[in-house]
Every structure is written in C-alpha cells, then in structure tokens.
Amino acid sequence: MHGGEPLTMDIQFLRGMFEDLKSLLGERLFGFSIQTSLVGFKPELIDLLIDFRIHLGTSYDRFRFQKHKNLFQYWKE
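We now turn to the structure provided with this report.

Rules and cut-offs
- Residues numbered from 1 in each chain as written.
- Predicted model: local features only at pLDDT ≥ 70, side-chain atom pairs only at ≥ 80, totals over all residues.
- Heavy atoms only, no water.
- Salt bridge = Lys/Arg side-chain N within 4 Å of Asp/Glu carboxyl O.
- Helix = DSSP H or I, 4+ residues; strand = E, 2+ residues; numbered from the N terminus.
- Buried < 20%, exposed > 50% of the residue type's maximum accessible area, 1.4 Å probe, protein only.
- Phe/Tyr/Trp six-rings, centres within 6.5 Å; stacked < 30°, edge-to-face > 60°.
- Right-handed = clockwise from strand over helix to strand, strands pointing away.

## Examining the pattern of salt bridges
Phase 1: Applying the stated rule across the entire model yields one salt bridge.
Phase 2: A salt bridge links Asp51 to Arg15, with the nearest nitrogen and oxygen atoms 3.0 Å apart. Here Asp51 is found in helix H2 (residues 45–51), whereas its partner Arg15 is found in helix H1 (residues 11–25), with 36 residues between them in sequence.

Encoded structure:
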C-alpha cells in the first residue's frame with residue numbers, strides 16, 4: 001500500500017482487506033508492505049502488522065512531522 005496515508009484508515013477495515021487478499025492469494029508466496037509517513041500510526045496497529053507480517057516502510061519528513069505534532073505522542077510511550 002502506498003499513497004495517501006494508509007494508516008489513517010480504520011483498523012478493522014485494514015484487517016478485513018488483508019484477510020480478503022490473503023484468502024484470494026491462497027498458498028501463493030507473497031508479502032504485504034505499507035509505505036507511510038507514520039501520520040495516523042496508533043499502537044493498536046502493531047498487532048495487525050504482526051498478524052499479517054506486514055513490512056512497514058517510512059522516511060523522515062521534517063516538514064510533515066512539524067505539521068503533525070500529535071504524532072510524537074506515540075513515540076514517547
């Protein structure tokens with residue numbers, strides 16, 4: 001997943017989407033990856049990432065971090 005900000009979607013929606021994809025792909029060898037700015041990251045997402053072995057990629061964007069100061073609360077915990 002890439003584009004927009006995938007982590008701002010509802011966690012249950014994301015879980016359902018990954019379950020559907022896994023069901024459709026069956027026994028094929030595949031992997032999931034999300035590219036994100038981390039805006040919208042919530043600790044509750046960790047279980048989703050683990051359950052589906054999702055690779056999470058990000059890059060530090062100083063402007064974006066300054067614009068979304070609420071993001072830092074998750075990294076302080």
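## Regarding unusual backbone geometry
Phase 1: Look at Arg53: it is not a glycine, yet its phi comes out positive at around 50°.
Phase 2: Topologically, Arg53 is positioned in the loop between H2 and strand S2 (54–58).
Phase 3: Its relative accessible area of 75% is what places Arg53 among the exposed residues.

## Section: the packing of aromatic side chains
Phase 1: For the structure on display, the rule yields four aromatic pairs.
Phase 2: Judged by centre distance (4.7 Å) and plane angle (65°), the ring pair of Phe18 and Phe32 falls under edge-to-face. Here Phe32 lies in strand S1 (residues 32–36) and Phe18 lies in helix H1, a separation of 14 residues in the sequence. Across the pair, Phe32 and Phe18 agree in class, each one buried.
Phase 3: A ring pair is formed by Phe32 and Phe52, whose centres lie 6.4 Å apart and whose planes are at 70°; its orientation type is edge-to-face. Of the two residues, Phe32 is situated in strand S1 and Phe52 in the loop between H2 and S2; the sequence distance between them amounts to 20 residues. The two residues Phe32 and Phe52 agree in class, both being buried.
Phase 4: Within the aromatic cluster, the residues linked to one another by ring pairs are Phe18, Phe30, Phe32 and Phe52.

## Topic: the pairing of S1
Phase 1: Across the two faces of S1 the burial differs, with Phe32, Ile34 and Thr36 buried and Ser33 and Gln35 not buried at all.
Phase 2: In this view, the connection linking S1 to its parallel neighbour S2 by way of H2 has right-handed handedness.

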